[in-house]
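If you want the building blocks of each chain, they are given just below.
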Amino acid sequence: MIGVIADDVTGATDVAAALSRAGLRTLLSLTTELEPGEAEADAIVIGLKTRSIPVADAVAQSLAALAALRAAGAERAYFKYCSTFDSTPEGNIGPVTEALAAELGARIVVTTPAAPLHGRTVTGGRLFVGGVPLDETHMREHPVTPMRDSSVPRLLAPQVAGEVGLLPLDVVRAGAMAVRDAVAAAEASGVAQLVADASEDDDLDVIAEAIDGAPLVAGSAGLIGALARRRRASGRPASAPPAGRTAIIAGSCSRRTLEQIDRFRETGAPSYRLRAERGDTAEALAAAALAWWDAHSGDRSALIYSSSPAAERDAEFPEAGELYERTAGLVADGLAERGVQRILVAGGETSGEVVRALGMGTAVVGEEAALGAPWIHDPHRDLHLVLKSGNFGEPELFVDVAGAGVAS
Ligand SMILES: Nc1ncnc2c1ncn2[C@@H]1O[C@H](COP(=O)(O)OP(=O)(O)OP(=O)(O)O)[C@@H](O)[C@H]1O
Ligand SMILES: O=C(O)[C@@H](O)C(=O)CO
């Protein structure tokens with residue numbers, strides 16, 4: 001069984017979708033307290049919220065997740081981080097990988113954010129998003145983890161104590177044997193984390209063949225998808241959520257989310273923008289949003305959002321991000337109490353707070369609303385959720401997910 005530790009909850013649903021797309025029976029847990037039932041799973045994904053917390057906390061939580069996965073029978077571990085390598089010079093990608101490797105006795109870890117299915121490729125160690133170097137995309141202005149370089153080895157090196165190396169594309173293209181030799185040579189020369197180039201799924205398949213069986217691998221949903229494709233598919237077809245009105249809660253300020261909001265609002269569907277000022281509390285902001293919901297949404301799908309482009313965000317108000325996250329959690333809880341059964345949340349940090357506020361434990365992975373953004377079902381509250389990574393989904397996603405609820 002494969003055990004996956006994801007550094008945010010949208011990443012966890014992305015990786016769970018990759019595993020279940022390959023036919024693996026996949027269990028998604030949003031806590032380290034695993035519920036019974038894991039014994040039948042081919043893969044267990046634990047979704048944490050460690051991407052931008054202090055390094056020591058991220059390491060401690062990741063080690064706790066690893067312990068839970070090993071206790072549940074995981075023989076291999078995968079550390080899932082973002083395909084846009086969201087991190088700061090301190091971490092947390094490097095230190096968490098290092099700590100997991102030490103715990104598992106892995107002297108070298110192959111790592112790559114490449115996910116060709118999401119348009120993320122790595123060549124010469126440089127990470128491209130849809131063909132554009134990472135540091136020239138909107139990730140440059142990300143509110144929590146601004147990415148100002150596109151070289152993965154350069155981004156990783158200051159985060160870790162061990163040496164960082166590169167597995168270049170020509171070696172990958174030479175086949176699994178060449179990759180195996182290169183990994184062994186890198187390990188012998190003291191490299192602790194080896195960044196792999198990959199620009200197509202075939203490249204990831206070669207890498208997966210070469211490293212299958214390694215105690216720890218790190219990367220995005222790309223490489224785990226390739227590892228999963230090597231296993232015997234035993235899963236069931238993913239189920240669809242019931243139709244009905246949908247609440248959309250958006251805290252992501254990514255360009256794609258902003259487009260999805262624009263498209264949704266252009267249909268004339270109800271929407272409410274949260275606007276925090278210094279001194280506001282999450283409780284008061286959420287109460288106002290829920291009062292709007294009660295008065296204006298009728299029985300239609302509706303959107304509550306704080307998302308705004310960088311130019312409209314208040315640089316003098318750095319606490320706004322956390323305030324909006326907590327507000328999103330309280331709004332989601334209030335909507336669930338009102339009987340809303342379908343909720344789409346946009347943004348990893350935002351989703352992390354929403355699942356915390358909802359008290360979600362284990363979830364069942366269903367069909368994908370968008371590539372890498374599956375419906376998940378919380379059996380305890382009978383709630384169907386999509387936790388959408390900021391950059392994921394077509395511009396029409398919110399309109400499509402809202403379905404008939406938009407027009408009625
Ligand atoms: N108007 C705003 N001003 C300042 N910060 C905001 C605003 N709206 C949202 N935020 C904060 O911006 C952050 C967005 O991060 P989040 O992870 O939710 O989205 P994302 O980065 O687009 O998604 P992902 O991590 O999945 O790519 C959150 O902390 C959110 O609360
Ligand atoms: O890898 C990705 O891009 C996503 O799964 C994610 O982690 C964004 O939060």
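Residues numbered from 1 in each chain as written. Chains lettered and ligands numbered in written order. Predicted model: local features only at pLDDT ≥ 70, side-chain atom pairs only at ≥ 80, totals over all residues. Heavy atoms only, no water.

Topic: the overall build of the chain
Next up, step 1: For the chain, the count of helices and strands is 14 helices and 18 strands.
Next up, step 2: Expected size for 408 residues packed as a compact globule is a radius of gyration near 22 Å; at 20 Å, the chain falls within 12% of this value.
Next up, step 3: Counting only C-alpha atoms, the chain reaches 65 × 45 × 35 Å along its principal axes.
Next up, step 4: Evaluated residue by residue, the chain yields a buried proportion of 58% over its 408 residues.
Next up, step 5: A separation of at least 24 residues holds for 75% of the contacts in the chain among residues at least 6 apart in sequence.
Next up, step 6: Accessible area of the chain: about 15,800 Å², with a carbon and sulfur share of 50%.
Next up, step 7: Across the chain, the centroid of the 36 positively charged side chains sits 2 Å from that of the 55 negatively charged ones. (Helix = DSSP H or I, 4+ residues; strand = E, 2+ residues; numbered from the N terminus. Rg over C-alpha atoms; globule rule 2.2 N^0.38 Å. Buried < 20%, exposed > 50% of the residue type's maximum accessible area, 1.4 Å probe, protein only. Contact = heavy atoms within 4.5 Å. Areas by Shrake-Rupley, 256 points an atom, 1.4 Å probe, with all protein chains shown as cover. Lys, Arg positive; Asp, Glu negative; His and termini not counted. Charge placed at Lys NZ, Arg CZ, Asp CG, Glu CD.)

Regarding the site of ligand 1
Next up, step 1: Neighbouring ligand 1 are 22 residues; H142, S254, G321, E325 and T350 lie closest to it.
Next up, step 2: Contact between ligand 1 and G390: an oxygen atom at 3.0 Å from a main-chain N or O atom of the residue.
Next up, step 3: Relative to its free-state accessible area of 640 Å², ligand 1 is covered by the protein chains to the extent of 94%.
Next up, step 4: Across the shell around ligand 1, the residue classes break down as three nonpolar, 14 polar and five charged. (Near = heavy atom within 4 Å. Polar contact = N/O pair within 3.5 Å; in protein donor to acceptor, adjacent residues only side chain to side chain. Nonpolar A, V, L, I, M, F, W, Y, C, P; charged D, E, K, R; others polar.)

Concerning the UniProt feature "domain: Four-carbon acid sugar kinase nucleotide binding" (unreviewed entry) in the chain
Next up, step 1: Under the local residue numbering, the UniProt record ascribes the feature "domain: Four-carbon acid sugar kinase nucleotide binding" (unreviewed entry) to residues 247-398.
Next up, step 2: Taken end to end, residues 247-398 is 38% helix and 24% strand, and its two terminal C-alpha atoms sit 10 Å from one another. (UniProt positions renumbered as here; feature names shortened; annotations may be inferred.)

Considerations on the confidence of the model for the chain
Reading fine detail from the predicted coordinates is not recommended where pLDDT is low.
Next up, step 1: Averaged over every residue, the pLDDT of the chain is 93; residues scoring 70 or more account for 96%.
Next up, step 2: Both scores are given for the predicted complex: the pTM is 0.92, the ipTM 0.98. (pLDDT = per-residue confidence, 0-100.)

So, the packing of helix 1 (residues 9-21) against helix 8 (residues 221-229)
Next up, step 1: Contact geometry of helix 1 with helix 8 gives a least axis separation of 8 Å together with a crossing angle of 25 degrees. Between helix 1 and helix 8, the angle falls in the class roughly parallel. For the pair helix 1 and helix 8, the crossing hand works out as right-handed. Of the residues in helix 8, those touching helix 1 at D14, V15, A18 and L19 are A221, I224, G225 and A228.
Next up, step 2: Residue composition of the contact of helix 1 with helix 8, grouped by class: six nonpolar, one polar and one charged. (Axes fitted to C-alpha atoms, helices over the stretch in contact; angles between N-to-C directions. Parallel < 35°, antiparallel > 145°, perpendicular 65-115°, else oblique. Left-handed = near helix turned anticlockwise from the far one by under 90°.)

Description of helix 12 (residues 348-358)
Next up, step 1: Judged by how many residues are buried, helix 12 sits mostly within the fold: nine of eleven residues are covered.
Next up, step 2: Of the residues making up helix 12, those classed as buried are G348, E349, T350, S351, G352, E353, V354, V355 and L358.
Next up, step 3: In this structure, the buried side of helix 12 is in contact with helix 1, helix 11 (320-337), strand 15 (342-346) and strand 18 (383-388).
Next up, step 4: Looking one or two residues beyond helix 12, the residue adopting positive phi is G359, at roughly 70 degrees.

Quick look at the pairing of strand 1 (residues 2-6)
Next up, step 1: Within strand 1, five of the five residues are buried, leaving the element largely enclosed by the surrounding structure.
Next up, step 2: Across five bridges, the pairing between strand 1 and strand 4 (residues 76-80) is parallel. Bridge pairing in strand 4 places I5 opposite F79.
Next up, step 3: Two strands pair when backbone bridges link them, and strand 1 and strand 3 (residues 43-47) are joined in this way by five bridges, in the parallel orientation. From the neighbouring strand, I5 faces strand 3, where its bridge partner is I46. (Pairing = 2+ DSSP bridges.)

Comments concerning the pattern of salt bridges
Next up, step 1: For the coordinates displayed, the defined rule picks out 21 salt bridges.
Next up, step 2: Where R229 meets D205, a salt bridge forms, and the shortest distance between an N and an O atom there is 3.0 Å. Taken as a pair, R229 in helix 8 and D205 in helix 7 (residues 201-211) lie far apart in primary sequence, 24 residues in all.
Next up, step 3: Given the relative accessible area of 28%, D205 is considered partly exposed.
Next up, step 4: Between E396 and R263 there is a salt bridge, and its shortest N-O distance comes to 2.6 Å. You can see E396 sitting in the loop between strand 18 and helix 13 (397-402) and its partner R263 sitting in helix 9 (residues 255-266), a full 133 residues away along the chain.
Next up, step 5: By sharing partners, the salt bridges in this structure join D7, D8, R51 and D86 into a single network. (Salt bridge = Lys/Arg side-chain N within 4 Å of Asp/Glu carboxyl O.)

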